[in-house]
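# Architecture at a glance
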Protein chains: 2
Amino acid sequence: MNNRELDKKLSLRKIKPTAVRELVLKVLTEEKKAVSLSDLEHKFDYADKSTLYRTLKTFEEKKLIHSIDDGSGTLKYAVCHDSCECNPNDLHVHFYCTRCKQTFCLNEVSIPTVNLPVGFSLESVTMVVKGVCSNCRKG
Amino acid sequence: MNNRELDKKLSLRKIKPTAVRELVLKVLTEEKKAVSLSDLEHKFDYADKSTLYRTLKTFEEKKLIHSIDDGSGTLKYAVCHDSCECNPNDLHVHFYCTRCKQTFCLNEVSIPTVNLPVGFSLESVTMVVKGVCSNCRKG
DNA sequence: AGGGTAATTGCAACCGGGTTGCATTACAAA
DNA sequence: TTTGTAATGCAACCCGGTTGCAATTACCCT
Ligand SMILES: [Mn+2]
Ligand SMILES: [Mn+2]
Ligand SMILES: [Zn+2]
Ligand SMILES: [Zn+2]
């Protein structure tokens, strides 16, 4: 994905394009797996941790990406689809592979509705499946 | 719940009853909400953090309690029902109230099955609903 | 182009939950 | 009572995440 496309994606979410932001977004779009802050730190020796951190926070705030708490203790991030507003109906299941330790968006698997006890209201739902991914299965 | 009953619960899970363990289990059984390590620290000024930590780990290992990652950054714990083996079919949904910041087991709400893409195998599933609990709703 | 302002970035230090090594204490078998 | 094992207490550590502040850069107006 070239800079022109990256800048467009950023602008669509009202994020001012900068060098770091283009690079981070590039990584996030090209990775098939969800990406952590420390992943980015290792990818960009030159960029500072807090800059990367704030970049992710900005992206998340503007709904360019969403965060994934897969229970591993390290937050991961993945790009939202263009029309995503991170509403309950935009949510999907996430998968954590216990073998390769990678986390994936199952974008095509939406979260089933759940009947809460009376008196409980719902704001959002997270669903994480742990298991072995198809790559590790084959290998 | 008296010590006799607490000891019985401990013995059933092959855990040697000690003073600390009885006290911790008592708190866990009497609380309606899930309990964190720091909750216990504040409840027992005298008992050491690492002792409480290892008590929880022992309980979890022996399947007397299960841990809940509600996304708040602090692990919570709650007692399992007597016949629980923490298998996928023992699992239930958890609820995190964004108002009172408490986490509850919805023991009666089992986790719906989900269709994974081909090649993915399932070991366990977590489902956390965020919203407002019935207590906070009424208040 | 130059000056002023706001946003971004870099650096360092901090925070809190969780975890571990090791010494001490309690317990129970021999 | 001796002796081995498990539990507890204390201290220090780890790491992901977060923040304050100074330096740099981008942007706007003249
Ligand atoms: Mn996702
Ligand atoms: Mn539970
Ligand atoms: Zn895998
Ligand atoms: Zn509540």
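We now turn to the structure provided with this report. Starting afresh in each chain, residues are numbered from 1 along the sequence in its written order. For this description, chains carry letters from A and ligands carry numbers from 1, given in the order in which they are written. Local features in a predicted model are, by the rule used here, given only for residues with pLDDT of at least 70; side-chain atom pairs are given and counted only at 80 or more, and totals for whole chains, interfaces and linings are based on all residues. Hydrogens are left out, water is left out, and the side-chain values use all remaining heavy atoms of the structure.

What follows concerns the relation of the copies chain B and chain A. Superposing chain B onto chain A takes a rotation of 180 degrees combined with a translation of 0.0 Å along the rotation axis, leaving an RMSD of 0.1 Å. Expressed as an axis order, the relation between the two copies is that of a two-fold axis. Closest approach to the rotation axis among the C-alpha atoms of chain B is made by B:Met127, whose C-alpha sits 2.2 Å away. The contact definition used throughout considers only heavy atoms, calling two residues in contact when any of these lie within 4.5 Å. Same-surface contact between copies: 100% of interface residues of chain B are shared with the interface of chain A. In this comparison the copies share one frame, found by least squares on the C-alpha atoms of residues holding pLDDT of at least 70 in both.

Glancing now at the protein's contact with DNA strand D. Note on definitions. A residue lies near a molecule or strand when any single heavy atom of the residue is within 4 Å of it. Taken together, the neighbourhood of DNA strand D is formed by 17 residues, with A:Tyr53, A:Leu75, B:Thr18, B:Ser50 and B:Arg54 sitting nearest. Backbone atoms, meaning sugar plus phosphate, form 58% of the atoms of DNA strand D positioned within 4 Å of the protein. Polar contacts here mean pairs of N or O atoms no more than 3.5 Å apart (in protein, one a potential hydrogen donor and the other a potential acceptor; neighbouring residues in sequence count only if both atoms are side-chain atoms). Residue A:Tyr53 places a side-chain N or O atom 2.6 Å away from a phosphate oxygen belonging to DNA strand D. With respect to DNA strand D, the side chain of B:Thr18 contributes an N or O atom lying 2.7 Å from a phosphate oxygen. In DSSP terms, a helix is any run of H or I states spanning at least four residues, a strand is any run of E spanning at least two, and both are numbered starting from the N terminus. Where the surface near DNA strand D is concerned, the elements lending two or more residues are α4 (49-61) of chain A together with α2 (19-30) and α4 (49-61) of chain B. If one sorts the elements of the surface near DNA strand D by residue count, α4(A) sits on top with five residues. When residues are sorted by character, Ala, Val, Leu, Ile, Met, Phe, Trp, Tyr, Cys and Pro go into the nonpolar class, Asp, Glu, Lys and Arg into the charged class, and all the rest, Gly among them, into the polar class. Counted by class, the surface near DNA strand D contains four nonpolar, six polar and seven charged residues.

Quick look at the protein's contact with DNA strand C now. Around DNA strand C, 17 residues are found, and the nearest of them are A:Thr18, A:Arg54, B:Lys49, B:Tyr53 and B:Leu75. Put simply, 58% of the atoms of DNA strand C that lie within 4 Å of the protein are in sugar or phosphate. Residue A:Arg21 places a side-chain N or O atom 2.9 Å away from a phosphate oxygen belonging to DNA strand C. Interatomic distance of 2.5 Å between a side-chain N/O atom of B:Tyr53 and a phosphate oxygen of DNA strand C. Counting residues per element, the ones that place at least two in the surface near DNA strand C are α2 (19-30) and α4 of chain A together with α4 of chain B. When residues of the surface near DNA strand C are assigned to their parent elements, the largest contribution, five residues, is made by α4(B). Tallied by class, residues from the surface near DNA strand C come to four nonpolar, six polar and seven charged.

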